[in-house]
Amino acid sequence: MKKIICVISILILPIVLWISLSSAALLFDQSSLKEGTTNISRPSSLFTDGKWYWCADDFELAQESSISSYYWVGDASNSDSSDNVVGFYLKIYPDFYDIELGHYRPADHPIYEEYFSMNDVTESDIGVSGWSGYLATSSSAFTADPNTTYWLRIQADINNGYQPPYPDYIWGWHFSDTSNGNSGEYNSKFCNHLAVNNDYAFSLYGSPVPIPAAAWLLGSGLIGLVAFGGRRRRY
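Everything quoted here is computed from the prediction, not taken from an experiment.

Calculation criteria
Residues numbered from 1 in each chain as written. Predicted model: local features only at pLDDT ≥ 70, side-chain atom pairs only at ≥ 80, totals over all residues. Heavy atoms only, no water. Helix = DSSP H or I, 4+ residues; strand = E, 2+ residues; numbered from the N terminus. Buried < 20%, exposed > 50% of the residue type's maximum accessible area, 1.4 Å probe, protein only. Contact = heavy atoms within 4.5 Å. Areas by Shrake-Rupley, 256 points an atom, 1.4 Å probe, with all protein chains shown as cover. Pairing = 2+ DSSP bridges. Axes fitted to C-alpha atoms, helices over the stretch in contact; angles between N-to-C directions.

A look at the overall build of the protein
Counting its secondary structure elements, the protein contains two helices and 14 strands. Taking all 235 residues of the protein together, the buried fraction comes to 38%. Contacts spanning at least 24 positions in sequence make up 79% of the contacts within the protein whose residues lie at least 6 apart. Accessible area for the protein stands at about 12800 Å²; split by element, carbon and sulfur atoms hold 56% of it.

Okay, here's the thing in structure tokens:
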């Protein structure tokens, strides 16, 4: 009976470890909303002049992790035209210190980007009039290095991924009541990388990347269980 228990333990432990490492967990949470009306930002806009209006916010993870899902709070129903949002552009940028501006900002080129149609996004009622929660799961996870600052950019699309110009449209990304590192930023035809002194509401989900040392310790433990079981049989 003890032999059976030992064998079952050897078989189950790796499975439990794999599940715990591969299941989606909350990696970063900045989703709580800042109260009031002056906190509302509507930067991710596309105007008739074809100029992209967008915003971004930074994040940092303590452990190397694979980010697979994104949650944010926005107002995709707020439009000055008859068009509706058909999807979202999501991009991740490395951190960059701009000497002329005197602060950190997203680098000029993204290192990860993905487009989500509204069929790929789960919209939820958060109990705040005019605002919704959005959850999107990536088709290919992004691996974030530990203690490294990245910038997340989310922008609404109202024309199935085609490039500007678009009709006059305004989409808002709600401010968060928590702060992390640098404040969020706003970009428009009037300003570039303007700090807004607030952070945006979003969360990241995924799984930590397994540490090789942890796998080695698990293997050593399993070998020890087998050896211990064999020793007990001899005595």
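Description of the pairing of strand β5 (residues 103-106)
Pairing of strand β4 (residues 87-98) with β5 involves four bridges; the strand directions are antiparallel. Residue pairing across strands places Asp98 opposite His103, the latter belonging to β5. Hairpin connection of β4 to β5: four residues between the antiparallel strands, including Gly102 at a positive phi of 80°.

Some details on the sheet that holds strand β8 (residues 132-144)
Strand order across the open sheet formed by five strands is β1-β14-β3-β8-β7, with antiparallel pairing between neighbours. At either margin of the open sheet sits one strand with a lone partner, and together these are β1 (25-30) and β7 (121-125). Adjacent strand axes in the sheet meet at a mean angle of 25°, parallel and antiparallel pairs treated alike.

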